[in-house]
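Residue strings, one per chain:
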Amino acid sequence: MVEKREAADADAGAGAAGPTRCGVIAIIGVPNAGKSTLVNALVGAKVTIVSRKVQTTRIQVRGIAVEGASQLVLIDTPGIFAPRRRLDKAMVASAWAGAQDADQVLVLIDAAKGIDEEVEPLIARLAGQNVKPILVLNKVDRVADKSRLLALVQDLSQRLTFEAVFMIAALTGNGVAELKRYLAAHVPEGPWLYPEDELSDLPMRQLAAEVTREKIYDNLHDELPYQITVETESWKTLRDKSVRIDQTIYVERDSQKSIVLGKGGQTVKKISQASRTELTEIVGAPVHLFLFVKVREGWDRDPARYREMGLEFPSDD
(Lines give C-alpha, C1' and ligand atoms only; values in the text may rest on other atoms or scores of the structure.)
Protein backbone atom coordinates (compact mmCIF):
# COMPACT_ATOMS: atom_id res chain seq x y z
CA MET A 1 0.00 0.00 0.00
CA VAL A 2 1.14 3.53 -0.69
CA GLU A 3 -0.13 6.81 0.65
CA LYS A 4 0.27 9.24 -2.25
CA ARG A 5 -0.08 9.11 -6.02
CA GLU A 6 3.03 9.91 -8.05
CA ALA A 7 3.19 13.59 -8.97
CA ALA A 8 3.29 12.87 -12.70
CA ASP A 9 0.02 10.92 -12.52
CA ALA A 10 -1.65 13.63 -10.44
CA ASP A 11 -0.55 16.39 -12.80
CA ALA A 12 -2.02 14.48 -15.75
CA GLY A 13 -5.47 14.75 -14.19
CA ALA A 14 -5.10 18.34 -13.07
CA GLY A 15 -3.96 19.53 -16.45
CA ALA A 16 -6.47 17.64 -18.58
CA ALA A 17 -8.60 19.68 -20.98
CA GLY A 18 -12.34 20.08 -20.43
CA PRO A 19 -14.44 20.03 -17.27
CA THR A 20 -13.47 17.83 -14.37
CA ARG A 21 -15.59 14.84 -13.41
CA CYS A 22 -15.96 13.01 -10.13
CA GLY A 23 -18.14 10.16 -8.96
CA VAL A 24 -18.55 7.65 -6.17
CA ILE A 25 -18.55 4.06 -7.42
CA ALA A 26 -19.58 1.18 -5.17
CA ILE A 27 -18.24 -2.27 -5.95
CA ILE A 28 -20.52 -4.95 -4.56
CA GLY A 29 -20.48 -8.72 -4.77
CA VAL A 30 -20.31 -11.88 -2.72
CA PRO A 31 -17.18 -12.70 -0.67
CA ASN A 32 -14.05 -13.54 -2.68
CA ALA A 33 -15.43 -12.17 -5.95
CA GLY A 34 -12.30 -10.02 -6.18
CA LYS A 35 -13.60 -6.61 -5.10
CA SER A 36 -10.46 -5.54 -3.24
CA THR A 37 -8.23 -6.77 -6.05
CA LEU A 38 -10.26 -4.72 -8.55
CA VAL A 39 -10.09 -1.56 -6.41
CA ASN A 40 -6.30 -1.92 -6.15
CA ALA A 41 -6.04 -2.48 -9.91
CA LEU A 42 -8.16 0.58 -10.73
CA VAL A 43 -6.23 2.79 -8.30
CA GLY A 44 -2.90 1.43 -9.50
CA ALA A 45 -1.70 0.83 -5.94
CA LYS A 46 -2.59 -1.35 -3.00
CA VAL A 47 -5.11 0.55 -0.89
CA THR A 48 -7.16 -2.32 0.53
CA ILE A 49 -6.08 -5.69 1.88
CA VAL A 50 -6.50 -8.89 -0.09
CA SER A 51 -6.81 -12.43 1.24
CA ARG A 52 -8.06 -15.81 0.12
CA LYS A 53 -10.08 -15.93 3.33
CA VAL A 54 -13.69 -14.83 2.81
CA GLN A 55 -15.07 -11.64 4.36
CA THR A 56 -11.64 -10.02 4.68
CA THR A 57 -13.04 -6.53 4.02
CA ARG A 58 -15.03 -5.38 7.06
CA ILE A 59 -15.39 -1.66 6.38
CA GLN A 60 -15.95 0.59 3.41
CA VAL A 61 -12.51 1.49 2.08
CA ARG A 62 -12.39 4.28 -0.49
CA GLY A 63 -9.74 3.99 -3.15
CA ILE A 64 -9.18 7.08 -5.29
CA ALA A 65 -8.34 6.63 -8.96
CA VAL A 66 -7.63 9.24 -11.63
CA GLU A 67 -8.28 8.90 -15.35
CA GLY A 68 -7.73 12.08 -17.37
CA ALA A 69 -9.93 14.81 -15.89
CA SER A 70 -12.00 12.30 -13.91
CA GLN A 71 -11.59 11.26 -10.29
CA LEU A 72 -13.13 7.92 -9.35
CA VAL A 73 -13.92 7.35 -5.68
CA LEU A 74 -14.10 3.58 -5.44
CA ILE A 75 -15.85 2.02 -2.45
CA ASP A 76 -14.55 -1.45 -1.63
CA THR A 77 -17.52 -2.83 0.28
CA PRO A 78 -17.64 -5.90 2.51
CA GLY A 79 -18.85 -9.01 0.71
CA ILE A 80 -22.61 -9.57 0.70
CA PHE A 81 -23.66 -12.89 2.19
CA ALA A 82 -26.29 -14.34 4.52
CA PRO A 83 -25.31 -12.85 7.90
CA ARG A 84 -25.41 -14.99 11.02
CA ARG A 85 -23.39 -13.10 13.62
CA ARG A 86 -23.68 -9.49 14.72
CA LEU A 87 -20.47 -8.50 12.95
CA ASP A 88 -21.75 -10.19 9.78
CA LYS A 89 -24.93 -8.07 9.92
CA ALA A 90 -22.94 -4.87 10.34
CA MET A 91 -20.67 -5.71 7.40
CA VAL A 92 -23.54 -6.54 5.05
CA ALA A 93 -25.45 -3.40 6.10
CA SER A 94 -22.32 -1.36 5.32
CA ALA A 95 -22.10 -2.92 1.85
CA TRP A 96 -25.70 -2.07 0.95
CA ALA A 97 -25.29 1.45 2.34
CA GLY A 98 -22.33 1.95 0.04
CA ALA A 99 -24.41 0.91 -2.97
CA GLN A 100 -27.25 3.26 -2.08
CA ASP A 101 -24.98 6.30 -1.75
CA ALA A 102 -23.03 5.77 -4.97
CA ASP A 103 -23.28 7.46 -8.37
CA GLN A 104 -22.55 4.13 -10.04
CA VAL A 105 -22.72 0.54 -8.85
CA LEU A 106 -20.50 -2.27 -10.14
CA VAL A 107 -21.78 -5.80 -9.57
CA LEU A 108 -18.76 -8.06 -9.52
CA ILE A 109 -19.37 -11.73 -10.31
CA ASP A 110 -16.81 -14.53 -10.19
CA ALA A 111 -17.16 -15.87 -13.74
CA ALA A 112 -15.71 -19.24 -12.76
CA LYS A 113 -18.42 -19.78 -10.12
CA GLY A 114 -21.29 -18.17 -12.02
CA ILE A 115 -24.70 -17.87 -10.36
CA ASP A 116 -24.64 -19.81 -7.11
CA GLU A 117 -26.57 -19.75 -3.83
CA GLU A 118 -24.74 -16.58 -2.77
CA VAL A 119 -25.16 -14.66 -6.03
CA GLU A 120 -28.88 -15.50 -6.40
CA PRO A 121 -30.14 -13.39 -3.45
CA LEU A 122 -27.75 -10.55 -4.34
CA ILE A 123 -29.19 -10.24 -7.85
CA ALA A 124 -32.74 -10.68 -6.56
CA ARG A 125 -32.36 -7.82 -4.09
CA LEU A 126 -30.84 -5.52 -6.71
CA ALA A 127 -33.72 -6.33 -9.06
CA GLY A 128 -36.11 -4.91 -6.46
CA GLN A 129 -34.26 -1.59 -6.26
CA ASN A 130 -34.16 1.45 -8.51
CA VAL A 131 -30.65 0.79 -9.76
CA LYS A 132 -29.11 -0.01 -13.15
CA PRO A 133 -25.66 -1.34 -12.28
CA ILE A 134 -22.66 -2.20 -14.40
CA LEU A 135 -21.99 -5.92 -14.64
CA VAL A 136 -18.35 -6.95 -14.29
CA LEU A 137 -17.44 -10.59 -14.77
CA ASN A 138 -14.14 -11.20 -12.99
CA LYS A 139 -11.66 -14.08 -13.26
CA VAL A 140 -12.63 -14.75 -16.88
CA ASP A 141 -9.15 -16.16 -17.43
CA ARG A 142 -10.21 -19.15 -15.34
CA VAL A 143 -13.03 -20.05 -17.74
CA ALA A 144 -11.69 -22.21 -20.57
CA ASP A 145 -14.97 -22.40 -22.51
CA LYS A 146 -15.64 -18.75 -23.39
CA SER A 147 -19.19 -19.57 -24.54
CA ARG A 148 -19.98 -20.01 -20.85
CA LEU A 149 -19.28 -16.32 -20.32
CA LEU A 150 -21.86 -15.23 -22.90
CA ALA A 151 -24.41 -17.64 -21.43
CA LEU A 152 -23.73 -16.22 -17.95
CA VAL A 153 -24.22 -12.65 -19.19
CA GLN A 154 -27.53 -13.65 -20.83
CA ASP A 155 -28.72 -15.37 -17.67
CA LEU A 156 -27.85 -12.41 -15.46
CA SER A 157 -29.35 -9.91 -17.93
CA GLN A 158 -32.67 -11.74 -17.78
CA ARG A 159 -32.75 -11.19 -14.03
CA LEU A 160 -31.49 -7.58 -13.94
CA THR A 161 -31.00 -4.75 -16.42
CA PHE A 162 -27.39 -3.63 -16.65
CA GLU A 163 -26.00 -0.34 -17.95
CA ALA A 164 -22.96 -2.07 -19.43
CA VAL A 165 -21.06 -5.36 -19.26
CA PHE A 166 -17.32 -5.89 -18.85
CA MET A 167 -15.21 -9.05 -18.68
CA ILE A 168 -11.96 -8.73 -16.75
CA ALA A 169 -9.26 -10.50 -14.81
CA ALA A 170 -8.53 -8.06 -11.98
CA LEU A 171 -5.51 -9.98 -10.71
CA THR A 172 -3.66 -9.72 -14.03
CA GLY A 173 -5.19 -6.38 -15.03
CA ASN A 174 -6.77 -7.73 -18.21
CA GLY A 175 -9.73 -5.55 -19.18
CA VAL A 176 -9.30 -3.18 -16.22
CA ALA A 177 -8.09 -0.20 -18.32
CA GLU A 178 -11.18 -0.39 -20.54
CA LEU A 179 -13.45 -0.48 -17.49
CA LYS A 180 -11.61 2.48 -15.96
CA ARG A 181 -12.01 4.56 -19.12
CA TYR A 182 -15.73 3.83 -19.21
CA LEU A 183 -16.20 4.84 -15.58
CA ALA A 184 -14.22 8.04 -16.11
CA ALA A 185 -16.40 9.02 -19.06
CA HIS A 186 -19.67 8.38 -17.22
CA VAL A 187 -19.20 9.87 -13.74
CA PRO A 188 -20.92 13.26 -13.30
CA GLU A 189 -19.21 16.55 -14.07
CA GLY A 190 -18.04 18.28 -10.94
CA PRO A 191 -15.04 19.13 -8.76
CA TRP A 192 -12.79 16.45 -7.37
CA LEU A 193 -13.55 15.37 -3.80
CA TYR A 194 -9.96 14.57 -2.82
CA PRO A 195 -6.51 16.10 -3.42
CA GLU A 196 -4.82 15.07 -6.65
CA ASP A 197 -2.24 12.82 -5.01
CA GLU A 198 -4.56 11.04 -2.57
CA LEU A 199 -4.95 7.28 -3.02
CA SER A 200 -7.25 6.40 -0.12
CA ASP A 201 -9.28 8.04 2.63
CA LEU A 202 -8.20 5.51 5.23
CA PRO A 203 -6.41 7.17 8.21
CA MET A 204 -2.79 6.04 8.57
CA ARG A 205 -3.35 4.41 11.96
CA GLN A 206 -6.23 2.37 10.59
CA LEU A 207 -4.31 1.56 7.43
CA ALA A 208 -1.47 0.20 9.56
CA ALA A 209 -3.91 -2.00 11.48
CA GLU A 210 -5.32 -3.32 8.20
CA VAL A 211 -1.83 -4.17 6.94
CA THR A 212 -1.13 -6.22 10.06
CA ARG A 213 -4.52 -7.95 9.79
CA GLU A 214 -3.66 -8.95 6.23
CA LYS A 215 -0.36 -10.47 7.40
CA ILE A 216 -2.26 -12.41 10.06
CA TYR A 217 -4.45 -13.90 7.33
CA ASP A 218 -1.39 -14.70 5.23
CA ASN A 219 0.29 -16.61 8.05
CA LEU A 220 -2.61 -18.37 9.76
CA HIS A 221 -4.90 -19.37 6.88
CA ASP A 222 -7.56 -21.83 8.10
CA GLU A 223 -6.31 -21.68 11.69
CA LEU A 224 -7.33 -18.04 11.89
CA PRO A 225 -10.02 -17.08 14.40
CA TYR A 226 -12.64 -15.34 12.23
CA GLN A 227 -13.36 -12.47 14.60
CA ILE A 228 -9.79 -11.41 15.23
CA THR A 229 -9.16 -7.66 15.12
CA VAL A 230 -6.15 -5.32 15.21
CA GLU A 231 -5.96 -1.85 16.75
CA THR A 232 -3.15 0.69 16.49
CA GLU A 233 -2.66 1.85 20.07
CA SER A 234 0.10 4.41 19.47
CA TRP A 235 2.08 6.02 16.64
CA LYS A 236 5.17 8.05 17.47
CA THR A 237 7.69 9.74 15.19
CA LEU A 238 11.11 9.48 16.84
CA ARG A 239 14.05 11.91 16.73
CA ASP A 240 15.74 10.01 13.91
CA LYS A 241 12.50 10.28 11.85
CA SER A 242 11.74 6.58 12.28
CA VAL A 243 8.29 5.59 13.50
CA ARG A 244 7.32 3.46 16.47
CA ILE A 245 3.94 1.73 16.10
CA ASP A 246 2.31 -0.24 18.92
CA GLN A 247 -0.56 -2.51 17.93
CA THR A 248 -2.75 -4.96 19.79
CA ILE A 249 -4.18 -8.09 18.21
CA TYR A 250 -7.42 -8.97 19.97
CA VAL A 251 -8.82 -12.51 20.10
CA GLU A 252 -11.77 -13.94 22.01
CA ARG A 253 -10.17 -16.92 23.78
CA ASP A 254 -6.82 -18.04 25.24
CA SER A 255 -6.69 -20.90 22.73
CA GLN A 256 -6.83 -18.34 19.90
CA LYS A 257 -4.07 -16.33 21.53
CA SER A 258 -1.83 -19.40 21.42
CA ILE A 259 -2.51 -19.82 17.70
CA VAL A 260 -1.55 -16.22 16.93
CA LEU A 261 1.60 -16.35 19.07
CA GLY A 262 2.77 -19.70 17.71
CA LYS A 263 5.42 -21.94 19.23
CA GLY A 264 7.94 -19.76 21.02
CA GLY A 265 6.30 -16.65 19.56
CA GLN A 266 7.46 -17.57 16.05
CA THR A 267 4.12 -16.91 14.31
CA VAL A 268 3.58 -13.43 15.69
CA LYS A 269 7.24 -12.68 14.90
CA LYS A 270 6.65 -13.58 11.22
CA ILE A 271 3.50 -11.45 11.18
CA SER A 272 5.42 -8.52 12.66
CA GLN A 273 8.28 -8.80 10.18
CA ALA A 274 5.94 -8.91 7.16
CA SER A 275 3.84 -6.02 8.41
CA ARG A 276 6.88 -3.92 9.30
CA THR A 277 8.33 -4.38 5.81
CA GLU A 278 5.17 -3.11 4.11
CA LEU A 279 4.61 -0.30 6.61
CA THR A 280 8.16 0.92 6.02
CA GLU A 281 7.32 1.32 2.32
CA ILE A 282 4.11 3.18 3.15
CA VAL A 283 5.64 5.55 5.69
CA GLY A 284 8.87 6.10 3.77
CA ALA A 285 10.91 5.74 6.95
CA PRO A 286 12.11 2.91 9.21
CA VAL A 287 9.28 1.41 11.27
CA HIS A 288 9.61 -0.18 14.71
CA LEU A 289 6.50 -2.35 15.09
CA PHE A 290 5.51 -3.85 18.44
CA LEU A 291 2.67 -6.36 18.47
CA PHE A 292 0.78 -7.49 21.56
CA VAL A 293 -1.82 -10.25 21.65
CA LYS A 294 -4.66 -9.94 24.14
CA VAL A 295 -7.90 -11.73 24.90
CA ARG A 296 -11.00 -9.55 24.80
CA GLU A 297 -14.08 -11.69 25.18
CA GLY A 298 -17.22 -10.60 23.41
CA TRP A 299 -15.63 -7.65 21.61
CA ASP A 300 -18.12 -8.19 18.78
CA ARG A 301 -20.90 -7.21 21.21
CA ASP A 302 -19.29 -3.87 22.10
CA PRO A 303 -20.74 -0.90 20.15
CA ALA A 304 -17.50 1.06 20.64
CA ARG A 305 -15.53 -1.50 18.61
CA TYR A 306 -17.97 -1.13 15.72
CA ARG A 307 -17.65 2.64 15.75
CA GLU A 308 -13.86 2.28 15.56
CA MET A 309 -14.29 0.22 12.39
CA GLY A 310 -16.80 2.70 10.93
CA LEU A 311 -19.70 0.23 11.23
CA GLU A 312 -23.19 0.68 12.61
CA PHE A 313 -23.88 -1.50 15.65
CA PRO A 314 -26.79 -3.72 14.53
CA SER A 315 -29.85 -4.46 16.63
CA ASP A 316 -30.78 -7.96 17.77
CA ASP A 317 -33.67 -8.11 15.27
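Residues numbered from 1 in each chain as written. Predicted model: local features only at pLDDT ≥ 70, side-chain atom pairs only at ≥ 80, totals over all residues. Heavy atoms only, no water.

J.: How do you make sense of the overall build of the chain when you look at a structure like this?
T.: The secondary structure content of the chain amounts to 10 helices and 9 strands. By the burial criterion, 53% of the 317 residues in the chain qualify as buried. A separation of at least 24 residues holds for 71% of the contacts in the chain among residues at least 6 apart in sequence. Roughly 14700 Å² of accessible area belongs to the chain as shown, and the carbon and sulfur atoms make up 48% of that amount. (Helix = DSSP H or I, 4+ residues; strand = E, 2+ residues; numbered from the N terminus. Buried < 20%, exposed > 50% of the residue type's maximum accessible area, 1.4 Å probe, protein only. Contact = heavy atoms within 4.5 Å. Areas by Shrake-Rupley, 256 points an atom, 1.4 Å probe, with all protein chains shown as cover.)

J.: Mind showing me how you'd approach the pairing of strand 3 (residues 70-76) here?
T.: Counting buried residues in strand 3 gives 7 out of 7 residues, a clear majority hidden from the surface. Here strand 3 shows two buried faces, one formed by Ser70, Leu72, Leu74 and Asp76 and the other by Gln71, Val73 and Ile75. Sheet analysis places strand 1 (residues 21-28) next to strand 3, joined by 7 bridges and oriented parallel. Looking across to strand 3, one finds that Ile25 is bridged to Leu74. Across 7 bridges, strand 2 (residues 61-67) lies against strand 3 in antiparallel orientation. Within the sheet, the bridge partner assigned to Ile64 lies in strand 3 and is Val73. Between strand 2 and strand 3, which follow one another and run antiparallel, lie 2 residues, and Gly68 among them has a positive phi close to 60°. (Pairing = 2+ DSSP bridges.)

J.: How should I be thinking about the packing of helix 8 (residues 254-261) against helix 9 (residues 266-283) in this particular structure?
T.: When two helices pack together, their arrangement is given by the angle between the helix axes and the distance between those axes. Where helix 8 contacts helix 9, the two axes come as close as 5 Å, and the packing angle between them is 60°. Comparing their axes, helix 9 and helix 8 come out oblique. Residues Ile259, Val260 and Leu261 of helix 8 touch helix 9, and the partners they reach there are Gln266, Thr267, Val268 and Ile271. Split by residue class, the contact of helix 8 with helix 9 holds 5 nonpolar, 2 polar and no charged. (Axes fitted to C-alpha atoms, helices over the stretch in contact; angles between N-to-C directions. Parallel < 35°, antiparallel > 145°, perpendicular 65-115°, else oblique. Nonpolar A, V, L, I, M, F, W, Y, C, P; charged D, E, K, R; others polar.)

J.: Explain the sheet that holds strand 5 (residues 134-138) here, please?
T.: Strand pairing in a sheet relies on backbone hydrogen bonds. The paired strands run either parallel or antiparallel. Across the sheet, which stays open at both edges, the 6 strands sit in the order 2-3-1-4-5-6 with mixed pairing between neighbours. In the strand order of this sheet, the two ends are held by strand 2 and strand 6 (164-167), each with one partner. Strand-to-strand twist across the sheet, computed as the mean angle between neighbouring axes with direction ignored, equals 25°. Two strands pair when backbone bridges link them, and strand 4 (residues 104-110) and strand 5 are joined in this way by 5 bridges, in the parallel orientation. Among the inter-strand pairings, Asp110 is bridged to a residue of strand 5, identified as Asn138. Here helix 2 (residues 35-43) sits on the sheet in contact with strand 1, strand 2, strand 3 and strand 4, set at roughly 160° to strand 3. Taken strand by strand, helix 4 (residues 119-127) contacts strand 1 and strand 4, and its axis lies near 160° from that of strand 4.

J.: Teacher, can you tell me more about the environment of Asn32 here?
T.: Checked against the element boundaries, Asn32 lands in the loop between strand 1 and helix 2. Relative accessible area serves as the criterion here: at 27%, Asn32 is assigned to the partly exposed category. In the structure, Asn32 is positioned 76 residues away from Leu108 in sequence and 9.9 Å away in space, judged by C-alpha atoms.

J.: So what exactly am I meant to see when it comes to the sheet that holds strand 7 (residues 229-237) here?
T.: Here we have 3 strands laid out as an open sheet, ordered 7-8-9, and mixed in their pairing. Edge strands, defined here as strands with exactly one partner in the open sheet, are strand 7 and strand 9 (287-295). Along the sheet, successive strands turn relative to each other by an average axial angle of 20°, direction set aside. Bridge count between strand 7 and strand 8 (residues 243-251): 8 bridges; the pairing is antiparallel. Opposite Thr229, over in strand 8, you have Tyr250 as the bridge partner. Packing of helix 7 (residues 204-220) onto the sheet brings it into contact with strand 7, strand 8 and strand 9, and relative to strand 7 it is tilted by some 130°. Set on the sheet, helix 8 makes contact with strand 8 and strand 9; between it and strand 9 the angle comes to about 155°.

J.: Whenever I open this one, helix 7 confuses me. Can you help?
T.: Side chains that are three or four residues apart share a direction in an α-helix, a result of its 3.6 residues per turn. Between its first and last C-alpha atoms helix 7 spans 24 Å; for 17 residues at 1.5 Å apiece the expected length is 24 Å, and the two agree. Burial within helix 7 is extensive, with 13 of its 17 residues counted as buried. With its phi angle positive at about 55°, His221 sits one or two positions after the end of helix 7. (Expected span 1.5 Å × (residues − 1).)

J.: Got a minute to help me understand unusual backbone geometry in this structure?
T.: Note: most residues except glycine have negative phi, and most peptide bonds are trans. Positioned with a positive phi, Asn32 is a non-glycine residue whose angle comes to about 65°. Despite not being glycine, Lys241 shows a phi value in the positive range, around 75°. When you line up the elements, Lys241 lands in the loop between strand 7 and strand 8.

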